[in-house]
Amino acid sequence: MNDYDQIISPENLVYEKPALMNDTPMHYCPGCSHGVVHKLVAEVIADMGMEEKTVGVCPVGCAVFAYRYLDIDWQEAAHGRAPAVATAVKRLWPDRLVFTYQGDGDLACIGTAETIHALNRGENIAIIFINNAIYGMTGGQMAPTTLLGQKTATCPYGRVPELHGYPLNITELASHLTGTCYVTRQSVETVGAINKAKKAIRKAFEASMAGKGSSLVEIVSTCNSGWKLSPVKANQWMEENMFKQYPKGDLKDTTSL
C-alpha cells in the first residue's frame, strides 16, 4: 500500500461530501452561503433516512437551480409561489418530507402572501429562508430585507425609512402566527453557526413529519457579489451589521407541546 492509499483509507476519513449531493459544478459566487446550506439540507435528509420520501420546492432567484445539487425529488414553483406548491404536495402526499428553499426576494417580496398564509394555516411544511438582504441574482438591488443604511444598486446612499420604508422582518412576523410551531434565525459564517443551523433544519423537518405545523428556518447569509466585498469581508460585515438588526436564535418553538 502506498502513502496515498493510506491517506484515503476509511479509518482516516474525517469529512466527505454528502452522498445526496450531485457532482455538479457550483454556479454560486465564491463565498456565497447557498452551497453550505445545500450541504446541510443533504446531510439532514440522509440522517433522517428520508432520501426516497423528500420533495423540495425550489424558487426563482439565485437558488433556482437547487434541483441540480441534491439527488431528491424537486418541483420548481413560479416566483414566490413555493409555499403554495409545497402545500399541495404535502396534502397529496402527507407521508413525504416537503420543504421549500427560498431567497429573501422570492419569499419576502413577490411571495409574501403565499408565505404568510401557508405558515398561518399551519401547513406541515418546512421553509428554508436564505436572507442575504439584497437581490443578488439581478444586480444587487434593494430587497424588502435590506437593512437601514445599507447601500444597494437602487439605494446607493443607503436605505432610509422616510424614502424606502422599513425592512420587513419576516421571521419575527412568522413567529406570531398561530400555525407556526418552530421559527428560528441561524447563520453559517462559522463552524459553530453551521452546526447550529443543521440542528435547526433537522428540528424543522422533524416537526413537519410529526404534523405539528409550519416551520420557518431563516439563515442569514452572505452575498459578497451584491455587497461588493470579498468572502472574508462579507462574513465580517454580516457579523458587524446584520446581527444587530437580525438577532439569531429561536423566536418560537412549540414543537414539544
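Residues numbered from 1 in each chain as written. Predicted model: local features only at pLDDT ≥ 70, side-chain atom pairs only at ≥ 80, totals over all residues. Heavy atoms only, no water.

1. Some thoughts on the confidence of the model for the protein
Close inspection of predicted coordinates is inappropriate in any region flagged by low pLDDT. Per-chain confidence: the protein averages 93 in pLDDT, with 96% of residues scoring 70 or above. Mean pLDDT in the protein bottoms out at helix H1 (residues 3-7), which sits at 63, and peaks at helix H3 (residues 82-92), which reaches 98. (pLDDT = per-residue confidence, 0-100. Helix = DSSP H or I, 4+ residues; strand = E, 2+ residues; numbered from the N terminus.)

2. Overview of the sheet that holds strand S5 (residues 180-187)
Ordered by their spatial adjacency, seven strands build an open sheet running S2-S1-S3-S4-S6-S5-S7, and the pairing between neighbours is mixed. For this open sheet the edge positions go to strand S2 (73-76) and strand S7 (249-253), each flanked by a neighbour on one side alone. Neighbour to neighbour, the strand axes of the sheet diverge by 15 degrees on average, direction disregarded. Pairing between strand S1 (residues 54-58) and S2: four bridges, direction parallel. Paired with glycine 56 across the two strands is tryptophan 74, which belongs to S2. (Pairing = 2+ DSSP bridges. Axes fitted to C-alpha atoms, helices over the stretch in contact; angles between N-to-C directions.)

3. Details of the side chain of serine 175
Looking at where serine 175 falls in the secondary structure, it is placed in helix H7 (residues 170-175). Residue classification places serine 175 among the buried residues on the basis of a relative accessible area of 14%. Engagement of the side chain of serine 175 in a polar contact is seen with the backbone oxygen of glutamate 172, the distance being 2.6 Å. Here serine 175 is in contact with Thr180, Val183, Leu251 and Lys252, once residues within four sequence places are set aside. (Buried < 20%, exposed > 50% of the residue type's maximum accessible area, 1.4 Å probe, protein only. Polar contact = N/O pair within 3.5 Å; in protein donor to acceptor, adjacent residues only side chain to side chain. Contact = heavy atoms within 4.5 Å.)

4. Quick notes on H3
Buried residues of H3: Ala82, Pro83, Ala86, Thr87, Val89 and Lys90, and no others. Lining the buried residues of H3 we find S1, strand S3 (97-103), helix H5 (112-121), strand S4 (126-131) and helix H8 (191-209).

5. Concerning helix H2 (residues 34-47)
Along an α-helix, residues three or four apart share an orientation, since each turn contains 3.6 residues. The terminal C-alpha atoms of H2, which comprises 14 residues, lie 20 Å apart, in line with the 20 Å expected from a rise of 1.5 Å per residue. Burial analysis of H2 places 11 of its 14 residues in the buried class, which makes it a mostly covered element. Along H2, the residues that are buried comprise His34, Gly35, Val37, His38, Lys39, Leu40, Val41, Ala42, Glu43, Val44 and Ile45. Taken together, the buried residues of H2 touch S1, S3, S4, H8 and strand S6 (214-220). (Expected span 1.5 Å × (residues − 1).)

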